[in-house]
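Residue strings, one per chain:
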Amino acid sequence: MALAIGLPKSLGAGAPPVSLKARLDAAVGLAVGGRATDRFGSFNVVVPALLLLAASFYYLAAMAGFGHWPLGLLLPGVVLWGLATWGFYPAQQNSLVNRGGVALAPVVLSLNVSFQYAGFSLGVLAGGFTVAHASPGVVGWVGGSFEVLALVLVLVIERRRQARGLVVAA
């Protein structure tokens, strides 16, 4: 993404602060996502997290489209991405355990990680295809669109669950 947003190949002194900030966002995102899940339920955390993820991708893509920007203008996109990504994770795990039951939690969570890595691989494939056939600046638009697709899928699944009268704890 560094090349897509107009940063040089070597970020020099800019790389360590961005990396540190991303790690701090992960810690905060996990804590906030976990507490929000406990308080508001999985669905009410997953939906905003997916919206924020899409917004972060679109923000970074917009920055790429405008050319070179100072690191300070890129950080909001990186922070939003970190918080939303890691805030999503505890809500998703909670939802899966609630749907599969505690007895199946190890299996359900293992399958989730397997599908997560498959998703990463498909994301790399989509990103590579986008770079090869469009430009690096388009990658964020494609990534954001996948987040919107994920949101639609979550909403459809929730609507079907409710229509069937299935009750899932938080």
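All values derive from a computational prediction rather than experimental measurement. Note on numbering: residues in each chain are counted from 1, in written sequence order. Under the rules for a predicted model, residues below a pLDDT of 70 receive no local features and side-chain atom pairs below 80 are neither given nor counted, while totals for whole chains, interfaces and linings still include all residues. Only hydrogens and water are set aside when side-chain values are computed; all heavy atoms of the structure are taken into account.

Can you walk me through the packing of aromatic side chains in this structure?
For any pair of aromatic rings, the description consists of the separation of the ring centres together with the inter-plane angle of the planes. The pairing test for Phe, Tyr and Trp rings, Trp by its six-membered ring, is centres within 6.5 Å, and the orientation test on the planes gives stacked under 30 degrees, edge-to-face over 60, and tilted for anything in between. Applying the stated rule across the entire model yields three aromatic pairs. Centroid distance Trp 86 to Tyr 89: 6.3 Å. Interplanar angle 70 degrees. Geometry classified as edge-to-face. Placement of both Trp 86 and Tyr 89 in helix 3 (residues 71-100) is noted, with a separation of three residues, approximately one turn of the helix. Relative accessibility thresholds used throughout: buried, under 20% of the residue-type maximum; exposed, over 50%; partly exposed, between the two (1.4 Å probe, protein chains only). With relative accessibility at 32%, the residue Trp 86 sits in the partly exposed group. Here Tyr 89 falls in the partly exposed class, since its relative accessible area comes to 21%. In DSSP terms, a helix is any run of H or I states spanning at least four residues, a strand is any run of E spanning at least two, and both are numbered starting from the N terminus.

Can you walk me through the packing of helix 3 against helix 4 (residues 105-133) in this structure?
Angle between the axes and distance between the axes: these two values describe a pair of packed helices. Every axis corresponds to a line fitted to the C-alpha atoms, with the helix fit spanning only the stretch in contact, and the corresponding angles, defined between N-to-C directions, vary from 0 to 180 degrees. It is at 9 Å that the axes of helix 3 and helix 4 come closest, and there the two elements cross at 135 degrees. The angle between helix 3 and helix 4 places the two elements in the oblique class. Where helix 3 crosses over helix 4, the two elements pack in a sense that is right-handed. Every residue of helix 4 that contacts helix 3 at Tyr 89, Gln 92, Gln 93, Leu 96, Val 97 and Gly 100 is listed here: Ala 105, Val 108, Leu 109, Asn 112, Val 113 and Gln 116. Here the contact of helix 3 with helix 4 is built from residues that sort into seven nonpolar, five polar and no charged. Relative orientations are named as follows: roughly parallel for angles under 35 degrees, roughly antiparallel for angles over 145 degrees, roughly perpendicular for angles from 65 to 115 degrees, and oblique for any other angle. Handedness of a crossing follows from how the near helix is turned relative to the far one, being left-handed for an anticlockwise turn of less than a right angle and right-handed for a clockwise one. Contacts between residues were defined by any pair of non-hydrogen atoms, one from each residue, lying within 4.5 Å. Note that Gly is not counted as nonpolar here; it falls among the polar residues with everything else outside the nonpolar set of Ala, Val, Leu, Ile, Met, Phe, Trp, Tyr, Cys and Pro and the charged set of Asp, Glu, Lys and Arg.

Hey, could you run me through the pattern of salt bridges in this one?
A pair can form between side chains of opposite charge whenever their charged atoms are brought close. Salt bridge, as applied in this entry: a Lys or Arg side-chain nitrogen positioned within 4 Å of an Asp or Glu carboxyl oxygen. Enumeration according to the criterion identifies two salt bridges in this entry. Here Glu 158 makes a salt bridge to Arg 99, at a shortest N to O gap of 3.7 Å. Linking Glu 158 in helix 5 (residues 139-163) with Arg 99 in helix 3, this pair joins segments that are 59 residues apart in sequence. Classification of Glu 158 by relative accessible area gives buried; the value is 8%. Salt bridges here are not isolated pairs; linked through shared partners, they connect Arg 99, Glu 158 and Arg 161.

Help me out: how do you make sense of the confidence of the model for the protein chain in this one?
Detailed reading of predicted coordinates is not advised where the pLDDT is low. Mean pLDDT over the protein chain works out to 88, with 88% of the residues at or above the 70 mark. The secondary-structure element of the protein chain with the lowest mean pLDDT is helix 1 (residues 15-40), recorded at 87, while helix 4 shows the highest, at 96. As a per-residue measure, pLDDT tells how confident the predictor is, with possible values from 0 to 100. Note on residues 1-7: pLDDT under 50 across the span, and 15 contacts to partners over four residues away in sequence or across chains.

I'm lost on the packing of helix 2 (residues 43-65) against helix 5 in this one. Help?
Closest axis-to-axis distance for the helix 2/helix 5 pair is 7 Å, and the angle between their directions is 165 degrees. On the basis of the axis angle, helix 2 is roughly antiparallel to helix 5. As for the relative orientation of helix 2 and helix 5, their crossing is left-handed in sense. Across the interface between the two elements, Phe 43, Val 46, Val 47, Leu 50, Leu 51, Leu 53, Ala 54, Phe 57, Tyr 58, Ala 61 and Ala 62 of helix 2 pack against Gly 140, Trp 141, Gly 143, Gly 144, Ser 145, Glu 147, Val 148, Ala 150, Leu 151, Val 154, Leu 155 and Glu 158 of helix 5. Classifying every residue of the contact of helix 2 with helix 5 by side-chain character gives 17 nonpolar, four polar and two charged.

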